[in-house]
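# Examining the three-dimensional arrangement
Chain residues, written in single-letter form:
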Amino acid sequence: AFYKEMRDMIQVVAVPYAYPVDYMTMQNIDFGTVKGFSAAYDLRRTGNVSMTANYTLQFADGTGSGSYSAFSLVNTGMPNLRTLLPLDYDQRHAITTTINYSFDGGKDYNGPVLFGKQIFANASANFIVTTGSGTPFSKQSNITQDAASGINDRSVLEGSINGSRLPWSFRVSSRFSKRFAIKWDTKEGAKKQANINVYLQVQNLLNNQNVISVYRATGNPDDDGYLTNAAAQAEINSKNDPQSFRDLYQMAVNNPNNYSMPRMARLGITLDF
């Protein structure tokens, strides 16, 4: 179990009634707490398998997630927020599991043999499975044109700050490797050896579309609600080509930055001597 206090963190504040004009500055006024519980399981190598698993339950609350998180509030003339709310990185549940399956070489090899060759000698497969609950975001009650630029729409908070949650995420990354030994004799008769390790690393093996950001009005990563909003239909139909506007807007609103990294593979070779 763990408990952590954060004090005197920097936050923007407004200074009213200052001469000659009101202004904003930075002060050490933010504070927060992080408390939770973590449990780990470690399976030492048994046969060909070794594994570690970790679960963390966390509650991260504070008065601000960053130095400018209160900017919009104090810019309207309101005082600084002094209430503990979930921080942007408050992930309630996090589970990480690492599984490694490997074969030794030589007399300790217990894998398949093909044409008298130990085909999987000094080979291994490693999998990292991570899953976790979503981080918080502030939901809004009105529809705004978020996918367009230069639009000055004012959002209206629905519920409390960081009162909604992103969906759970699931990710599997893997690494497959095999080591080859190269031996040779020097002119002096000494024996030398070098190891070549060939590996294939695949991140996001299952190519999951994990959501890391959403539009606050709908809670969806690919729709801000503007195209289907009844109040926006007259404005959309007034465009030179309403259907073209809808198509282009749909392309813009489906922002790939709202998702985590897709499947990515790397093939590499390392040399040790």
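For the structure, check the block above.
Reading guide: rules and limits
Residues numbered from 1 in each chain as written. Predicted model: local features only at pLDDT ≥ 70, side-chain atom pairs only at ≥ 80, totals over all residues. Heavy atoms only, no water. 1 Å grid on protein atoms, 1.4 Å probe; cavity = no way out; pocket = protein on both sides within 12 Å on 5 of 7 lines; lining within 4 Å. Points joined across faces, edges and corners; volume = space filled by probe spheres on them. Helix = DSSP H or I, 4+ residues; strand = E, 2+ residues; numbered from the N terminus. Nonpolar A, V, L, I, M, F, W, Y, C, P; charged D, E, K, R; others polar. Salt bridge = Lys/Arg side-chain N within 4 Å of Asp/Glu carboxyl O. Phe/Tyr/Trp six-rings, centres within 6.5 Å; stacked < 30°, edge-to-face > 60°. Buried < 20%, exposed > 50% of the residue type's maximum accessible area, 1.4 Å probe, protein only. Core = buried A, V, L, I, M, F, W, Y, C linked by side-chain atoms within 4.5 Å. Contact = heavy atoms within 4.5 Å. Expected span 1.5 Å × (residues − 1). Arc of directions from axis to C-beta.

On to the layout of surface pockets, then. There is about 780 Å³ of room inside the largest pocket. Forming the boundary of the largest pocket are 27 residues, of which Ser69, Ala70, Ser72, Leu73 and Ile161 lie nearest the centre. If you list the elements that add at least two residues to the lining of the largest pocket, you get α1 (71-75) and β4 (85-86). Broken down by element, the lining of the largest pocket gets its largest block of residues, four residues, from α1. For the lining of the largest pocket, the per-class residue count stands at 11 nonpolar, 12 polar and four charged.

The subject of this paragraph is the pattern of salt bridges. All told, the structure shown has six salt bridges when counted by the stated rule. A salt bridge links Asp61 to Lys35; its shortest N-O distance comes to 3.9 Å. Taken together, the residues span a long stretch of sequence, with Asp61 in strand β3 (residues 49-62) and Lys35 in strand β2 (residues 23-46) at a distance of 26 residues. Note that Asp90 and Arg165 form a salt bridge whose closest N and O atoms lie 2.7 Å from each other. With a gap of 75 residues between them, Asp90 in the loop between β4 and β5 (93-102) and Arg165 in strand β10 (residues 164-165) connect regions that are remote in the sequence.

The next subject is unusual backbone geometry. With an omega of 5°, the peptide bond running from Tyr19 to Pro20 counts as cis. Within the secondary structure, Pro20 sits in the loop between β1 (2-15) and β2. Of note in this structure, Asn204 is not a glycine but carries a positive phi near 55°. Along the chain, the position of Asn204 falls in the loop between β12 (191-203) and α2 (233-237).

This next bit is on the packing of aromatic side chains. Scanning all chains against the criterion turns up six aromatic pairs. Seen from their ring centres, Phe103 and Phe120 are 5.9 Å apart, and the 15° between their planes marks the pair as stacked. Taken as a pair, Phe103 in the loop between β5 and β6 (113-114) and Phe120 in the loop between β7 (117-118) and β8 (123-132) lie far apart in primary sequence, 17 residues in all. Residue Phe103 is classed as buried on the basis of its relative accessible area of 15%.

Counting residues in hydrophobic clusters, the biggest one holds eight residues: Tyr215, Tyr226, Leu227, Ala232, Ile236, Phe245, Tyr249 and Val253. At three residues, the largest contribution of residues to this core is made by helix α3 (residues 242-253). Core analysis: the second largest hydrophobic core is formed by five residues, Phe137, Leu166, Val211 and Val214 among them.

So, on to the environment of Val49. If you trace the backbone, Val49 turns up in strand β3. Under the relative-accessibility criterion, Val49 is labelled partly exposed at 26%. Ignoring any residue separated from it by four or fewer positions in sequence, one finds Val49 in contact with Arg44, Asn100 and Tyr101.

Below, the discussion takes up the environment of Thr56. Tracing the sequence through the fold places Thr56 in strand β3. Given the relative accessible area of 17%, Thr56 is considered buried. For Thr56, the contacting residues outside a window of four places in its chain are Phe2, Phe37, Ser38, Arg92, His93 and Ala94.

Looking now at α3. Counted at 1.5 Å a residue, the expected span for α3 with its 12 residues is 16 Å, and the 16 Å between its end C-alpha atoms agrees. For α3, the set of buried residues is Phe245, Tyr249 and Val253. The buried side chains of α3 occupy one side of the element, clustering within an arc of 60° when seen end-on. Exposed residues on α3 whose side chains face more than 90 degrees from its buried face are Leu248 and Met251. Residues of α3 that are buried in the fold lie against α2.

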